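Each chain, written out:
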Amino acid sequence: MSDSRPNVLWLMTDEQRTDSLGCYGSPWAVTPHLDRLAGQGALFRHAVTPAPVCVPARVALLTGLYPSHTGVWYNHDHRQDLPLLTDPFREAGYATACFGKQGYHTARPAFALEERLVLSEHVHYFHYAEQHDGPAHGMVRYPYEEGEPWILGGRFPAPADETAEAAAVRAAQSWLGALASGSPFFLCLGTNAPHTPVVPPAPYDTLIRDQDIRLPADDTLPRGRPAWVGEDVAEVARADRFRPEQIAAIRRSYYGEVAYLDALLGGLLDWMAAHGLLENTIVALTCDHGTHLGDFGLVQKQTFYEPVVSVPLILWYPRAIPEGGVYETPVETLSLLPTLLDLAGLPAPQSDGPSLAGPLTRGSEPEARPVFSEFTLGSYRTRPEDRLVMVRDGRWKASCCLDPYPHDVDLCDLEADPQERRNLHGDPSCAEVEEHLLGLIAAHIGG
């Protein structure tokens, strides 16, 4: 393309854990395409979501603002008129589009063209279509009558090209093929996968053997966990409602779904390369949050444990980002859009997330700073006004419920206790650290 400004391809997955990718050290992941992207670009090992639930996280990424600044704390919060960090791209003449899953509640769209492709006609969040026998396809559904019967495992009952993700890739290719020559583009491809319903098509449903997937060291709720985890979250997401073989099927389906997604995204990248569309394109991969797969005695998300709040963040741009960068400093994914604007040479509106473009282009660690995550349990239709906030500062992580006053503290030393089994709240030897972290939370919310 004749325009010297870089294009942007944002690959936005849903509910993706870091251990679903080989580039994050997973020995069982089958993700050669995304691993290659990371190896040729930059990978952040400790990228923290601004919220461990869908809509607040997505709104935060699009605005660069924490939930405490957007007012979107849970999935059912009403639409807000918010500044969007995609606006400067449109104002600068970029063609912008998003195909697949959007999943945010704002008063106006973030992209000039948006096509919603989330679920296929074959499988809903809670059930297979009438023409398909769910149990015959290995369906594993959450067995709690008062909760939501999410499909957490199974097999897609139709050819792979009939998934919503495959449809989104085809729509993206069609849009790219019709673009006027010389016009820079910002394309977001949003996938529902590996969010529920977790039903990879054959052969991905059996691609990864159960025995190759490392089970959690301890699959019970930690002692000393916050009350809101042990009571409210566990009430609707306890893993002990499943038999061990069902947990194995859930995990096999999840990692198989990511392997399928890797193949799809790899195909898109290869197609773009063959059509000269990657020559001056920034590629970014991240997601809204992670999930539990039986670890910590839970399924689904909405906690501050590492499998949920620590998410993939990969950036590739050979013209400016050195190859093979692996960064250990904790960062926030709400820095993504400010970083993309910076790399594109566009002014970034004020936001909570600092641009990572400078460290990326220098190949150096970003400046260390506390990182935060926030939400309420309103998506579970309980305690919508009780703000839950987490801070990570280096090796230390703390969280608390702020309402009606700060309480229910969880304090963890991630270096000494990476499995987060011991709550150090109240330990005299950690009193100064706890006071410091709770002070960071207080200043953050008051700021």
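Residues numbered from 1 in each chain as written. Predicted model: local features only at pLDDT ≥ 70, side-chain atom pairs only at ≥ 80, totals over all residues. Heavy atoms only, no water.

Visitor: Honestly, the environment of Pro349 in this entry has me stumped. Any pointers?
Guide: On the secondary structure map, Pro349 appears in the loop between helix 9 (336-343) and helix 10 (357-362). Its relative accessible area of 35% is what places Pro349 among the partly exposed residues. For the pair Pro349 and Thr220, spaced 129 residues apart in sequence, the C-alpha separation works out to 44 Å. (Helix = DSSP H or I, 4+ residues; strand = E, 2+ residues; numbered from the N terminus. Buried < 20%, exposed > 50% of the residue type's maximum accessible area, 1.4 Å probe, protein only.)

Visitor: Explanation requested: the sheet that holds strand 15 (residues 331-332) in the structure shown.
Guide: To summarise the sheet geometry, strands pair through backbone hydrogen bonds and adopt either a parallel or an antiparallel arrangement. Within the open sheet, the three strands sit side by side as 12-3-15. Their pairing is mixed. Each of the sheet's edge strands pairs with one partner strand only, and the pair in question is strand 12 (310-311) and strand 15. Looking at chain direction, strand 3 (residues 47-48) and strand 15 are connected through two bridges and run parallel. Residue Val48 lies in a different strand from strand 15, and its bridge partner there is Glu332. (Pairing = 2+ DSSP bridges.)

Visitor: Where do I start with unusual backbone geometry in this structure?
Guide: Leave glycine aside and you will find that most residues have negative phi; peptide bonds, for their part, are mostly trans. The amide bond that connects Ala193 to the next residue, Pro194, takes the cis arrangement and shows omega of 0°. Following the sequence through the fold, Pro194 ends up in the loop between strand 8 (185-190) and helix 6 (227-237). Residue Pro203 follows Ala202 across a cis peptide bond; omega there is 5°. Structurally, the position occupied by Pro203 is in the loop between strand 8 and helix 6.

Visitor: Quick question: what am I supposed to make of the environment of His425 here?
Guide: Summarising the element assignment, His425 is placed in the loop between strand 19 (407-413) and helix 11 (431-446). Along the sequence, His425 and Ala398 sit 27 residues apart, while their C-alpha atoms lie 8.8 Å from each other. Filtering out sequence-adjacent residues up to four positions away, His425 remains in contact with Val409, Leu411 and Glu434. (Contact = heavy atoms within 4.5 Å.)

Visitor: How should I be thinking about the nonpolar core in this particular structure?
Guide: If you look at the biggest cluster of nonpolar residues, it comprises 43 residues, and the most contacted ones within it are Trp228, Phe242 and Phe375. Going through the elements one at a time, helix 6, helix 7 (244-274), strand 16 (371-375) and strand 17 (388-393) are the ones with two or more residues in this core. Element by element, the count of residues in this core is highest for helix 7, at six residues. For Trp228, the residues in contact, after removing those within four places along its chain, are Val233, Gln302, Thr303, Phe304, Phe375, Leu377, Arg383, Leu388 and Asp408. (Core = buried A, V, L, I, M, F, W, Y, C linked by side-chain atoms within 4.5 Å.)

Visitor: Where do I start with the side chain of Asn423 in this structure?
Guide: Tracing the backbone shows Asn423 in the loop between strand 19 and helix 11. From its side chain, Asn423 meets the backbone oxygen of Val409 in a polar contact 3.0 Å long. For Asn423, the contacting residues outside a window of four places in its chain are Arg223, Gly224, Val409, Asp410 and Leu411. (Polar contact = N/O pair within 3.5 Å; in protein donor to acceptor, adjacent residues only side chain to side chain.)

Visitor: So what exactly am I meant to see when it comes to the pairing of strand 1 (residues 7-13) here?
Guide: The two faces of a sheet get side chains in turn, since along a regular strand they alternate between them. For strand 1, a buried count of seven out of seven residues is recorded, marking the element as mostly surrounded by other parts of the structure. Going residue by residue along strand 1, you find Asn7, Leu9, Leu11 and Thr13 tucked away on one face and Val8, Trp10 and Met12 tucked away on the opposite face as well. In terms of strand pairing, strand 1 meets strand 9 (residues 281-287) through seven bridges, oriented parallel. Among the inter-strand pairings, Val8 is bridged to a residue of strand 9, identified as Ile282.

Visitor: Sorry if this is basic, but what is going on with the pattern of salt bridges here?
Guide: Oppositely charged side chains are able to pair whenever their charged atoms sit close together. Applying the stated criterion to the full structure yields 26 salt bridges. Put simply, Asp19 and Arg17 hold a salt bridge, and the shortest N to O gap is 3.0 Å. Residue class for Asp19 comes out buried when judged on its relative accessible area of 19%. Its salt-bridge partner being Glu306, residue Arg392 comes within 3.9 Å of it at the nearest N-O pair. Here Arg392 is found in strand 17, whereas its partner Glu306 is found in helix 8 (residues 306-309), with 86 residues between them in sequence. Summarising the burial analysis for this pair, Arg392 and Glu306 share the class buried. (Salt bridge = Lys/Arg side-chain N within 4 Å of Asp/Glu carboxyl O.)

Visitor: I would appreciate a short explanation of the packing of aromatic side chains in the present structure.
Guide: Where two aromatic rings form a pair, the distance of their centres and the angle of their planes describe that pair. One pass over the full model with this rule turns up 20 aromatic pairs. Arranged with centres 5.6 Å apart and planes meeting at 65°, the rings of Tyr142 and Phe242 form a pair that is edge-to-face. With Tyr142 in the loop between strand 6 (140-141) and strand 7 (151-153) and Phe242 in the loop between helix 6 and helix 7, the pair connects residues that are 100 residues apart, well separated along the chain. We classify Tyr142 as buried; its relative accessible area is 4%. Judged by centre distance (5.5 Å) and plane angle (55°), the ring pair of Tyr204 and Tyr260 falls under tilted. Highlighted residues: Tyr204 in the loop between strand 8 and helix 6 and Tyr260 in helix 7, separated in sequence by 56 residues. One aromatic cluster is present, formed by Trp10, Phe89, Tyr94, Phe111 and Phe186 through successive ring pairs. Lying across the ring of Tyr144, Arg241 places its NZ or CZ 3.9 Å from the centre. A cation sits over an aromatic face here: Lys301 above Trp150, 5.8 Å from the ring centre. (Phe/Tyr/Trp six-rings, centres within 6.5 Å; stacked < 30°, edge-to-face > 60°. Lys NZ or Arg CZ within 6 Å of the ring centre and 35° of its normal.)

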